[in-house]
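Single-letter residue listing:
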Amino acid sequence: MEKTLEKTLEIETKTADAGVDKKEQIANIDFKMVTFALAGKDYAIDILKIKEIAKAGRFTYVPNSAPFVIGVYNLRGEIIPIIDLRIFFNIPVPERVGEEQESIIIISFGEQKYGVVVDRIDRVVGIQSSSIQPPHPLFGDINIKYIYGVVENADRLYILLDVDRIFGLKNGERYEIAQDLTVLRTQSLPPEAKTAAPSSKETSAAANSPAAQSMPMQKNTAASSSAKAASVAQAASAPAQSAQNEPEFSFIADGLASFKNFYVSDINETWARKRYADWKKERAGAKLQILNADDADAFLKPFYSRCSASWWTKEYADAVYAALPDNHAKQIQVWNPGCGGGYEAYSLACLLTKRYPDAKIRIYAQDTDLLAVSNAPLMLMKKTEATSWYEPFLTQTASGEWTFTSHIKDSIMFEYHDCMHANPIPQVDIVFSRDFLSFVPDSCRENVLTDFYEKIRGSGFALVGDNEVLADQNNWFEVMNDSVIIYSKQ
């Protein structure tokens, strides 16, 4: 692969390489990178992450995709998403004229490929890996968390990008490169929960549509609403003091946080303690502590809500349908943080369309997993699944595959956004956040819960995971219908 890239770039690099010091040729080169330009600055990507380079301009637009996803492209029969790094990094982009050719780097992760648009592709540079220096906040116009390091070569300073982090592939790691990056990845749920969720998981598209007053507002003043929101946050963010007084349970909680970014709190402590009792029976004669990721997976296996990271069964869809209150509004806004790969967002869109046929549904599905939100608009359904309750909302493609109707697709806006940062979405009628709050660290949960409370309209409601609760009953009113619980504001 390296030889292929070097051959492709040979013409472009001849002139640039002519003046390179001959000492570089005899250096112990153990790292190669493809260099390119963004807004006049030099950047680079590890050559092992790159499949090929290309020139292309005819991209197919995908409705409701994130701003930095400029479309999809047919690469020799393979459909790949095209991502403009300039938009992703908030770098000014000149207006495209017609279908002018763009410089594209094709990045490969396993079986998935992505096209990355840059200003200009330069050349292949070989260096010693020991020459890579840690990033500094002053380097480049981009967030330091996306920089792997910086390296000087032939009197040019290159910013080496961390594509694994840009594309969210480090969300599942059990360690943190820097303490201040912990927040970014904590909402990334394991595969059992949301195909790669969080952590509702910066360049989100601001919703410009006005928030329709679709439900009657409660007569609360802004001051009382803020006070209640603060009260809600305080109750749920306080760590479980009783856990601290029980060393064994405390060790379990620490292990879950370390290996799975799962935080025991008032949101899930009831479930955690019940699970701990079962865990002691299961581990009779063995160590109770969570010693590795496998132990954490085993402990959390019963936690995840029904139909997580999968299409909803008819039984679960019917249960959620029965719990939805009457609403005669013309527009219903929904916030779905930690949407993962899109199973939940599509299922919710179909169900709400069925429950409120006369309303315009708008779902803001957010996640920090770039791969997940980029692929979600292209999601297909197997033939066996298409015969289920989803059937009225599906259409068959020319190739015989099943996809959702344009009406359903247009109702969902998949966005790359960390929900632990300021959120630009308008007020909503529904917050649908199953198994999400348990993966938000204590230091951030207060802000997230406050955001939930303030974003929900007066008579709106929140739905959390099967094994989660909104603990402060003074501000949330619990309504249970069959096996589904919703929380409305008091």
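Residues numbered from 1 in each chain as written. Predicted model: local features only at pLDDT ≥ 70, side-chain atom pairs only at ≥ 80, totals over all residues. Heavy atoms only, no water.

**Brief notes about the nonpolar core**
Residues Phe167 and Trp312 are the most contacted members of the largest nonpolar core, which totals 79 residues. If one sorts the elements of this core by residue count, helix α13 (residues 343–355) sits on top with 7 residues. Contacts of phenylalanine 167, omitting those with residues within four sequence positions, involve Ile83, Ile107, Phe109, Tyr114, Val116, Asp369, Leu370 and Leu371. In this structure, Trp335, Met413, Cys444 and Tyr487 belong to the second largest nonpolar core, which totals 23 residues. (Core = buried A, V, L, I, M, F, W, Y, C linked by side-chain atoms within 4.5 Å. Buried < 20%, exposed > 50% of the residue type's maximum accessible area, 1.4 Å probe, protein only. Helix = DSSP H or I, 4+ residues; strand = E, 2+ residues; numbered from the N terminus. Contact = heavy atoms within 4.5 Å.)

**Things to note about the confidence of the model for the chain**
Taken as a whole, the chain shows an average pLDDT of 78; of its residues, 75% reach a score of 70 or greater. Counted against residues more than four places away or in other chains, residues 170–229, with its pLDDT under 50, gives 185 contacts. Confidence drops under a pLDDT of 50 for residues 231–245, and excluding neighbours within four residues, the segment shows 29 contacts in the predicted structure. (pLDDT = per-residue confidence, 0-100.)

**Remarks on α13**
Turn by turn, an α-helix covers 3.6 residues, leaving residues three or four places apart pointing in a common direction. Helix length check: α13 (13 residues) gives 18 Å between terminal C-alpha atoms against 18 Å at 1.5 Å per residue, within 8%. By the criterion of burial, α13 is predominantly enclosed, with 11 of the 13 residues buried. Along α13, the positions that sit buried rather than exposed are Glu344, Ala345, Tyr346, Ser347, Leu348, Ala349, Cys350, Leu351, Leu352, Thr353 and Arg355. (Expected span 1.5 Å × (residues − 1).)

**Brief notes about the sheet that holds strand β15 (residues 412–416)**
Taken in spatial order, the 7 strands line up as β15-β12-β11-β16-β17-β19-β18 in an open sheet, and their pairing is mixed. If you trace the sheet from one side to the other, it starts and ends with β15 and β18 (476–481), each paired once. Sheet twist, expressed as the average angle between the axes of neighbouring strands with direction ignored, equals 20 degrees. Pairing geometry for strand β16 (residues 428–433) and strand β17 (residues 456–464), over 5 bridges, is parallel. (Pairing = 2+ DSSP bridges. Axes fitted to C-alpha atoms, helices over the stretch in contact; angles between N-to-C directions.)

**Looking at the packing of aromatic side chains**
Summed over the entire model, instances satisfying the criterion amount to 30 aromatic pairs. Through successive ring pairs, a cluster of aromatic residues spans Phe262, Trp271, Trp279, Phe299, Phe303, Tyr304 and Phe439. Across the ring face of tyrosine 321, the terminal group of arginine 355 is positioned such that the distance to the ring centre comes to 5.6 Å. (Phe/Tyr/Trp six-rings, centres within 6.5 Å; stacked < 30°, edge-to-face > 60°. Lys NZ or Arg CZ within 6 Å of the ring centre and 35° of its normal.)

**Here's the deal with the pairing of strand β7 (residues 112–118)**
Most of β7 sits inside the fold, with 6 of its 7 residues counted as buried. Looking at chain direction, strand β5 (residues 78–84) and β7 are connected through 3 bridges and run parallel. Each residue of the ladder has a partner; that of aspartate 84, found in β7, is valine 117.

**Focus on the pattern of salt bridges**
This model, assessed by the stated rule, comprises 19 salt bridges. The salt bridge partner of glutamate 78 is lysine 113, with a shortest N-O separation of 3.3 Å. Of this pair, glutamate 78 sits in strand β5 while lysine 113 sits in strand β7; the two residues are 35 residues apart in sequence, bridging distant segments of the chain. By relative accessible area, which is 15% here, lysine 113 ends up buried. Of the charged contacts, one joins aspartate 466 and arginine 306 as a salt bridge, the two residues approaching to 3.0 Å between their closest N and O atoms. On the criterion of sequence distance, the pair formed by aspartate 466 in the loop between β17 and β18 and arginine 306 in the loop between α11 (293–300) and α12 (314–323) is long-range, its members being 160 residues apart. Taking the relative accessible area as the measure of exposure, aspartate 466 reaches 33% and is therefore partly exposed. Through salt bridges that share partners, Asp84, Arg86, Glu102 and Asp119 make up one connected network. (Salt bridge = Lys/Arg side-chain N within 4 Å of Asp/Glu carboxyl O.)

**What to know about the environment of isoleucine 144**
Its place among the elements puts isoleucine 144 in the loop between β8 (120–127) and β9 (147–153). By relative accessible area, isoleucine 144 is classed as partly exposed at 32%. When the C-alpha atoms of isoleucine 144 and leucine 161 are compared, they prove to be 9.4 Å apart, with 17 residues separating the residues in sequence.

**Details of the packing of α12 against α13**
In contact at an axis separation of 10 Å, α12 and α13 are set at 50 degrees when each is read in the N-to-C sense. Compared by their axis directions, α12 and α13 come out oblique. Pair α12 / α13 crosses with right-handed handedness. Along the contact surface, α12 presents Ala317, Val320 and Tyr321, while α13 presents Leu351, Lys354 and Arg355. Grouping the constituent residues of the contact of α12 with α13 by class yields 4 nonpolar, no polar and 2 charged. (Parallel < 35°, antiparallel > 145°, perpendicular 65-115°, else oblique. Left-handed = near helix turned anticlockwise from the far one by under 90°. Nonpolar A, V, L, I, M, F, W, Y, C, P; charged D, E, K, R; others polar.)

**Concerning the packing of helix α10 (residues 269–282) against α11**
Two quantities define a packed helix pair, namely the angle between the helix axes and the distance between the axes. The N-to-C vectors of α10 and α11 enclose an angle of 110 degrees; their axes lie 10 Å apart at closest approach. Regarding the angle of α10 to α11, the classification is roughly perpendicular. Taken together, the residues of α11 that come into contact with α10 (itself represented by Trp271, Ala272, Arg275, Tyr276 and Trp279) are Asp295, Ala298, Phe299 and Leu300. When grouped by side-chain class, the residues that make up the contact of α10 with α11 number 7 nonpolar, no polar and 2 charged.

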